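# Geometric and topological summary
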Amino acid sequence: MLKRYNSSKFAHFGTLVAMFLIMLVVNILTGKIADDYMYVYSFVTGDKLTGLQDTVESLIQHGIEGNGRYFAHFFACIFLILPDFIFDIVNSLVFVSVVEMIYLISRKKDETNNCFTIIIFGFIWLFQLDFGQVCLWLDGSCNYLFGVFFGLIFIIPFVKSMRDEKKLPIALIPLHTLVSVILGGYLEPLSVGFIGAAGLIFLTELIRYKNLSAIRFIPSLLGSVFGLAIMALAPGEAVNKLSGFEPLAFATVVGTALLVILSISPIIFLFCLFLKKAKAAGVEERAVAVSVIIGIGALLSNFVMLIAAYYPFRCSVGIVFMSILATSLLYGTIRDREFVKGKTIIKIVFIIALSLALLVAVVDNAFTYAQIEEHKKIISESDGGKIELYNPVPITRYNAARYLIYLDTEKPNGWPNRFFAEYYGVDEVIGKDRFVDN
């Protein structure tokens, strides 16, 4: 029965639908948090955003005050203007699309392997640090998950060119260049990781394999660098991301980068195992090389954070997703996969771990959702004056509210309280921590 499921195209569609529904549930249970309330309002006028023109004007000002992620915050602002359910649906589709893109570029030709799809899905759930902030939180997803989406669209033609010797169609060069500009200016670690990998593939194609058709990627590479320059040169980028060298801050960032490496050590172990198996099996050099280059891009994505003033775990999105992509690409090259001892035990442990992660994510987010809905009820029954609200108590990394400031407990006029108060139409709001005497 498992063999029939694994090779069924209908079951593959059903698997993707199941993934979509899981993501939709946890997305619905993830309400607005922190920055979401800020990006509802124009950085120019302070009024609520209503359309494209005031969104663009606000983003230009945000580049001066905040950072240069114009493309990422454009999507965030647009979704905050639209009804909540639209983001929940689109974000779930984007997540499933990311899983499917990794699967399609990695699988053997014309192979249907539904277990492989579930493994990719599971690896993202189990190894992405601050999963809720990366894949569920509106502002976070528009920055991180959407960045992976554009990164994959950007890098896949490079992979096909090197591994399969498939030329980028001339008709698609303008579209791919546009995507490259977006990817370049999307998110610092992701942009550097994917551009670095693409540049190495391009050079390897020209120098090692004498593939002159690789010059078709020159507009895309230039576009990606142009996009990166737009982001990096934004005035707010220097103020908020590169705030000068401080030994303690640098040591903290280095420690975080190494901790991220440690957290994905099972993926790195599998990559090394598959690399050894692929070389022993005589897998074509091109297929192995492209996987190694993606792995190098993953490391670039991680260690480029050393020049930043801080390294939040959500910025590990580049090394996590690119490591999963690199490992999946290698796995797809191996024809004889009967080499892992104790496969049944590994499968059982994996299924149990993934099932627990999914259950914990739903329960944790449902609990926070109930607290936020209670806040809305309290606000609706208030006189619109000063109110006090208990901060939610998120437990796991699957909850976007974890490590984010929901409401400040001391500054009612600070961030994010004043945006929260304005959004819900009250004069003043202050947060209270549960289990702490006030």
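We now turn to the structure provided with this report.

Each value, and the rule that gives it
Here, residues in each chain are numbered from 1, in the same order as that chain's written sequence. Residues qualify for local features only when their pLDDT is at least 70, as the model is predicted, and side-chain atom pairs are given and counted only at 80 or more; totals for whole chains, interfaces and linings, by contrast, use all residues. With hydrogens and water set aside, each side-chain value is computed from the structure's full complement of heavy atoms. Salt bridge, as applied in this entry: a Lys or Arg side-chain nitrogen positioned within 4 Å of an Asp or Glu carboxyl oxygen. Here a strand is any run of E in DSSP of at least two residues, a helix any run of H or I of at least four, and the numbering for each starts at the N terminus. Burial status follows relative accessibility: with a 1.4 Å probe on protein chains alone, a residue under 20% of its type maximum counts as buried, one over 50% as exposed, and anything between as partly exposed. By this rule, a helix spans an expected 1.5 Å times one less than how many residues it contains. The arc in question is the one traced by the directions running from the helix axis out to the C-beta atoms. A contact between two residues is defined here by any heavy atoms of the two lying within 4.5 Å.

## A few points about the pattern of salt bridges
Applying the stated rule across the entire model yields 9 salt bridges. With a shortest N-O distance of 2.9 Å, E188 and R69 are connected by a salt bridge. Taken together, the residues E188 in helix 12 (residues 188-207) and R69 in the loop between helix 4 (52-65) and helix 5 (70-81) connect sequence positions 119 residues apart. A relative accessible area of 16% means that E188 is categorised as buried. We classify R69 as buried; its relative accessible area is 5%. In this structure, R286 and E165 form a salt bridge, with 3.8 Å as the shortest nitrogen-oxygen distance. With R286 in helix 17 (residues 285-303) and E165 in the loop between helix 10 (145-164) and helix 11 (173-184), this residue pair connects regions lying 121 residues apart in the sequence. With relative accessibility at 9%, the residue R286 sits in the buried group.

## A look at helix 16 (residues 265-280)
Here helix 16 spans 22 Å end to end across 16 residues, near enough to the 22 Å set by a 1.5 Å rise per residue. Among the residues of helix 16, those classed as buried are I267, F271, F274 and A278. Buried residues of helix 16, seen end-on, are gathered within an arc of 75° and therefore sit on one face of the element. Pointing more than 90 degrees away from the buried face of helix 16 are the exposed residues F269, K276, K279 and A280. Looking at the buried side of helix 16, the elements it contacts are helix 7 (114-127), helix 17 and helix 18 (317-333). One or two steps after helix 16, the chain reaches G282, where phi turns positive at roughly 75°.

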